[in-house]
Amino acid sequence: MQNNRVSLTQFIIEEQRRVKGATGDFTSLLNDIVTACKQISGLVNKGALVGVLGSAGSENVQGETQKKLDIISNEIFLQTNEWAGHLAAMASEEMDDIYPIPARYPRGKYLLTFDPLDGSSNIDVNVSVGTIFSILRCPGNCENPTAEAFLQPGTQQVCAGYAIYGPSTMMVLTTGHGVNGFTLDQSIGEFVLTHANIQIPADTNEFAINASNMRFWEKPVKRYVDECLAGKTGERDKDFNMRWVASMVAEVHRILTRGGVFMYPLDSKMKDKGGKLRLMYEANPMSFIIEQAGGASSTGRTRIMDIQPTGLHQRVPVILGSRNEVERIISYHQDA
Ligand code: AHM
Ligand code: MG
């Protein structure tokens, strides 16, 4: 490795040195998460060669059909993170209940939530997917953790991150001191710091939403998108560009790279469920990253990270990205 390159391992050890009284538990946990993501990256990359594409023929707790890689990635995350003694329990989008650390291993002071393979509808068509995770402290008695222990607002997150399995594999992280991005150098098997202190531009002319749901949207979102579509000839006096990858990790990564706004808003079709995206596995970790990069994240009515969760698999509307644009959409909700 060239001398001026900083590996993710070096980066997190140096971060640890800045924290008085740090035991190394957190650093070691993060290293295990990174190892799990490298394994998933390897499988995503090999795809059909190792027979991991396609449906598993089962459904998760959300009633969604699981892909083989959803289940394999979930297993990898559990196995890689259960043994080291840093966690009390894990919770995953793909599991009905929490996963307390098995009694044969010591239990630690942290909780881990994750979406092992986000955007997995894209896996068979060879489009970017990713892994999203969030680390919380275990409150109270960590010996016998319950689902309630996980129900902490996003502001309590110790760390959030995602791995994106795209043309390159990248890991993007925050511990509450800005956002940094690392690219996997396959030749040495290490993530290397390539995107230091990522900042989202406050303004943008790019938005992302699944427009096939347009007739189900609430008025403020319809108003915003109509104005974007009107471009130079309308209220906004500028033309907009649109993207929809149907992979939240890819959309957030694009926004961190060049700005933009991403919306999976509340719509009449899914009102009973509360939204499409899950608070604990998707909305909170991504909101932490977006806010740390200078962006904003809201349901349209509430800052996402202020929500007091009521259920492990709770869903919420999500509007996030370039600050001025998100604030405009919030103001449209207030007007309505
Ligand atoms: P998943 O976790 O089951 O993959 O679902 C979440 C994904 C997000 O990545 C993406 O933004 C959204 O679902 C796409 O939904 P749709 O297919 O309705 O456009
Ligand atoms: Mg997901």
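As a reminder, the structure under discussion sits directly above these lines.
Residues numbered from 1 in each chain as written. Chains lettered and ligands numbered in written order. Predicted model: local features only at pLDDT ≥ 70, side-chain atom pairs only at ≥ 80, totals over all residues. Heavy atoms only, no water.

Colleague: Pulling in residues and values, what's your account of the nonpolar core?
Modeller: Ranked by size, the top nonpolar core spans 46 residues in total, and within it Tyr162, Leu256, Phe262, Met286, Val318 and Leu320 carry the most contacts. Among the secondary structure elements, those contributing two or more residues to this core are strand 3 (87-92), strand 6 (129-137), strand 7 (159-165), strand 8 (169-174), helix 5 (248-258), strand 13 (261-264), helix 6 (279-292) and strand 17 (318-321). Looking at this core element by element, the count peaks at eight residues for helix 6. Taken domain by domain, this core gets at least three of its residues from each of domain 1 (2-195) and domain 2 (206-335). The contacts of Leu320, once residues within four sequence positions are left out, are Met248, Val252, Ile255, Gly260, Val261, Phe262, Met286, Ile290, Ala296, Ser297 and Val326. Counting residues in hydrophobic clusters, the runner-up holds 38 residues, among them Leu29, Met95, Leu112 and Tyr165. (Core = buried A, V, L, I, M, F, W, Y, C linked by side-chain atoms within 4.5 Å. Buried < 20%, exposed > 50% of the residue type's maximum accessible area, 1.4 Å probe, protein only. Helix = DSSP H or I, 4+ residues; strand = E, 2+ residues; numbered from the N terminus. Domains from an automatic or database assignment. Contact = heavy atoms within 4.5 Å.)

Colleague: Quick one: what's the story with the layout of surface pockets, residue by residue and with numbers?
Modeller: Considered as a void within the structure, the largest pocket measures approximately 560 Å³ in volume. If you go around the largest pocket, you meet 25 residues; those closest to its centre are Glu15, Gln16, Val19, Phe26 and Thr175. Among the secondary structure elements, those contributing two or more residues to the lining of the largest pocket are helix 1 (8-18), helix 2 (25-46) and strand 8. For the lining of the largest pocket, the leading source of residues is helix 1, giving five residues. Of the residues belonging to the lining of the largest pocket, the class tally is nine nonpolar, 10 polar and six charged. Approximately 460 Å³ is the volume found for the second largest pocket. In terms of lining residues, the second largest pocket is bounded by 26 residues, among which Gly119, Ser120, Ser121, Ala246 and Lys276 are the most central. Mapped by element, the contributors of at least two residues to the lining of the second largest pocket are strand 2 (65-67), strand 5 (110-118), helix 5, strand 13 and strand 14 (277-278). (1 Å grid on protein atoms, 1.4 Å probe; cavity = no way out; pocket = protein on both sides within 12 Å on 5 of 7 lines; lining within 4 Å. Points joined across faces, edges and corners; volume = space filled by probe spheres on them. Nonpolar A, V, L, I, M, F, W, Y, C, P; charged D, E, K, R; others polar.)

Colleague: An account of the site of ligand 1 is needed here, citing residue identities and associated values.
Modeller: Around ligand 1 there are 17 residues in total, and Glu93, Gly119, Asn210, Met248 and Tyr264 lie nearest to it. Here an oxygen atom of ligand 1 sits 3.2 Å away from a polar atom, N or O, in the side chain of Asp115. One nitrogen or oxygen atom from the main chain of Met248 is found 2.6 Å from an oxygen atom belonging to ligand 1. Protein contact buries 85% of the 470 Å² of open area that ligand 1 shows by itself. Among the cavities detected, the one that contains ligand 1 is the second largest pocket. If you list the elements that add at least two residues to the shell around ligand 1, you get strand 5, strand 13 and strand 14. When the residues that make up the shell around ligand 1 are grouped by side-chain class, the tally is six nonpolar, four polar and seven charged. Looking at the shell around ligand 1, you find at least three residues from each of domain 1 (2-195) and domain 2 (206-335). (Near = heavy atom within 4 Å. Polar contact = N/O pair within 3.5 Å; in protein donor to acceptor, adjacent residues only side chain to side chain. Areas by Shrake-Rupley, 256 points an atom, 1.4 Å probe, with all protein chains shown as cover. Sits in = over half its atoms within 2 Å of the grid points.)

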